[in-house]
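# Structural characterization, general
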Amino acid sequence: MAQYTVGHPQRLAEMAARAAAVPGLHLAGNAYEGIGIPDCIRMGRRAAEKIVAER
Ligand SMILES: Cc1cc2nc3c(=O)[nH]c(=O)nc-3n(C[C@H](O)[C@H](O)[C@H](O)COP(=O)(O)OP(=O)(O)OC[C@H]3O[C@@H](n4cnc5c(N)ncnc54)[C@H](O)[C@@H]3O)c2cc1C
């Protein structure tokens, strides 16, 4: 399980910006915005919705 350290929100913002520059790349999982299973489901759903919207 990910253990977030100081500066995590800033790293998240940087990763999101970089990922947005790569078509088709989406990030989801316990390393990002919450380690619980509900968090992972939420991130996975959000990524799936973006993928569908891009098609
Ligand atoms: C012992 C334990 C108990 C927990 N209990 C709870 C709980 O009660 N409630 C709760 O909400 N959360 C709980 N958690 C946390 C939660 O289970 C995890 O944070 C969550 O499942 C992580 O989901 P994920 O999709 O990010 O990663 P994972 O579920 O680890 O999925 C990553 C997947 O990627 C695959 N993979 C890895 N590398 C590669 C590769 N190179 N190529 C292809 N596939 C690859 C792995 O095989 C794995 O299937 C628990 C975690 C642990 C370890």
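For the structure given in this document, a descriptive report is provided here.

## Here we look at the pattern of salt bridges
A side chain with one charge can pair with a side chain of the opposite charge if their charged atoms come near. Counting across every chain of the model gives three salt bridges. One salt bridge connects Glu33 with Arg46, and the closest N-O pair in it is separated by 3.0 Å. Placement of the pair is Glu33 in the loop between helix 1 (8-20) and helix 2 (37-54) and Arg46 in helix 2, with a sequence separation of 13 residues. The class of Arg46 is partly exposed, set by a relative accessible area of 32%. Among the salt bridges present, the one from Asp39 reaches Arg42, with a minimum N-O distance of 3.3 Å. With a gap of three residues between them, Asp39 and Arg42 both fall in helix 2, about one helical turn apart. Take Arg42: its relative accessible area is 37%, and that puts it in the partly exposed class.

## Brief notes about the site of the ligand
Within the structure, the ligand sits among Met1, Gly29, Asn30, Ile35, Gly36, Ile37, Pro38 and Cys40. Asn30 has a polar backbone atom sitting 2.7 Å from an oxygen atom of the ligand. Contact between the ligand and Ile37: an oxygen atom at 2.7 Å from a main-chain N or O atom of the residue. Of the residues that constitute the shell around the ligand, the class distribution is five nonpolar, three polar and no charged.

## Observations regarding a nonpolar patch on the surface
A surface patch of nonpolar side chains, amounting to about 280 Å² of accessible area, comprises Met15, Val22, Leu25 and Leu27. On the secondary structure map, Leu27 appears in the loop between helix 1 and helix 2.

Rules used in this analysis
Residues numbered from 1 in each chain as written. Predicted model: local features only at pLDDT ≥ 70, side-chain atom pairs only at ≥ 80, totals over all residues. Heavy atoms only, no water. Salt bridge = Lys/Arg side-chain N within 4 Å of Asp/Glu carboxyl O. Helix = DSSP H or I, 4+ residues; strand = E, 2+ residues; numbered from the N terminus. Buried < 20%, exposed > 50% of the residue type's maximum accessible area, 1.4 Å probe, protein only. Near = heavy atom within 4 Å. Polar contact = N/O pair within 3.5 Å; in protein donor to acceptor, adjacent residues only side chain to side chain. Nonpolar A, V, L, I, M, F, W, Y, C, P; charged D, E, K, R; others polar. Patch = residues over 30% accessible without salt bridge, like charges linked within 9 Å, V, L, I, M, F, W, Y side chains within 5 Å. Areas by Shrake-Rupley, 256 points an atom, 1.4 Å probe, with all protein chains shown as cover.

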